[in-house]
Amino acid sequence: QVQLVESGGGSVQAGGSLRLACAASEYSNPGNCMGWFRQAPGKEREGVATIYIGGIRTYYADSVKGRFTISQDNAKNTVYLQMNSLKPDDTAMYYCAAAFTSGTVCSNGPVEDIFPYWGQGTQVTVSS
C-alpha cells in the first residue's frame, strides 16, 4: 500500500531553517505531483508548494515564495521542503500528499481534493 512518511519537523527560532522530507514506501510510485500542505489550529489547510515530475514545474504559495524550496530525489523516492527564514506564522502541522494529475493542475495551486495519498504530518513550531 502507498505510504507517505514526513520527517524533519521541530521547534526553531524565527529566522532559522528546517528541511522536511516526505518518503514514499519502497517500490511505490504515489504520483507525478507531490505537494506540501500545512494547517495551524483554527485555520484552514493551505497549499504550500508542489512539484511536478521531479521539478519541471513547481508552485509556491505567495506567503512562502522566496523562502521555501521544494525538491525531489527520485533515487530515494523522497520529496523535500527546505524552509529558510522561518517566521512564527509558519507554525503549523505540515503534510505531504501525492497525486497523478497534469502539470497544469499540479502547478496551478494545490487543491487538496485531488490528492488521494497523505502522510501523517510533522509539526513545525517557530518561536519569536
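Residues numbered from 1 in each chain as written. Predicted model: local features only at pLDDT ≥ 70, side-chain atom pairs only at ≥ 80, totals over all residues. Heavy atoms only, no water.

### Digging into unusual backbone geometry
Backbone geometry at Ile-53 places phi at a positive 45°, although glycine is not the residue there. Within the element layout of this structure, Ile-53 appears in the loop between strand S5 (46-52) and strand S6 (57-60). Residue Ile-53 is classed as partly exposed on the basis of its relative accessible area of 45%. A positive phi is found at Asn-77, a non-glycine position, where the angle reads about 55°. Relative to the helices and strands, Asn-77 resides in the loop between strand S7 (68-73) and strand S8 (78-83). (Helix = DSSP H or I, 4+ residues; strand = E, 2+ residues; numbered from the N terminus. Buried < 20%, exposed > 50% of the residue type's maximum accessible area, 1.4 Å probe, protein only.)

### Focus on the pairing of strand S11 (residues 122-127)
Along a regular strand, successive side chains alternate from one face of the sheet to the other. Burial of S11 is one-sided: the residues Thr-122, Val-124 and Val-126 facing one way are buried, the residues Gln-123, Thr-125 and Ser-127 facing the other way are not. Looking at chain direction, strand S2 (residues 10-13) and S11 are connected through four bridges and run parallel. Note that in S11 the partner of Gln-13 across the bridge is Ser-127. The pairing of strand S9 (residues 92-99) with S11 spans three bridges and is classified as antiparallel. Across the sheet, the residue bridging to Tyr-94 is Thr-122, located in S11. (Pairing = 2+ DSSP bridges.)

### Some thoughts on the state of the cysteines
Here is the idea: a disulfide is a covalent bond, and it sits between the sulfur atoms of two cysteines. Taken as a whole, this structure holds two disulfides when the rule is applied. The disulfide that involves Cys-22 links it to Cys-96, with 2.0 Å between the sulfurs. Note on the Cys-22 and Cys-96 pair: the S-S dihedral is about 60°, so by sign convention the disulfide is right-handed. Taken as a pair, Cys-22 in strand S3 (residues 18-24) and Cys-96 in strand S9 lie far apart in primary sequence, 74 residues in all. Of the residues examined, Cys-96 reaches a relative accessible area of 0% and is grouped as buried. The partner cysteine of Cys-33 in its disulfide is Cys-106, sulfur to sulfur 2.2 Å. One quick way to see it: the torsion about the S-S bond of Cys-33 and Cys-106 is about 90°, and its sign makes the bridge right-handed. Taken together, the residues span a long stretch of sequence, with Cys-33 in strand S4 (residues 33-39) and Cys-106 in helix H1 (residues 103-107) at a distance of 73 residues. With respect to class, Cys-33 is no different from Cys-106; both count as buried. Each bonded cysteine of the protein gets a number by its place in the sequence, and the pairs then read 1-3, 2-4. (Disulfide = S-S within 2.5 Å.)

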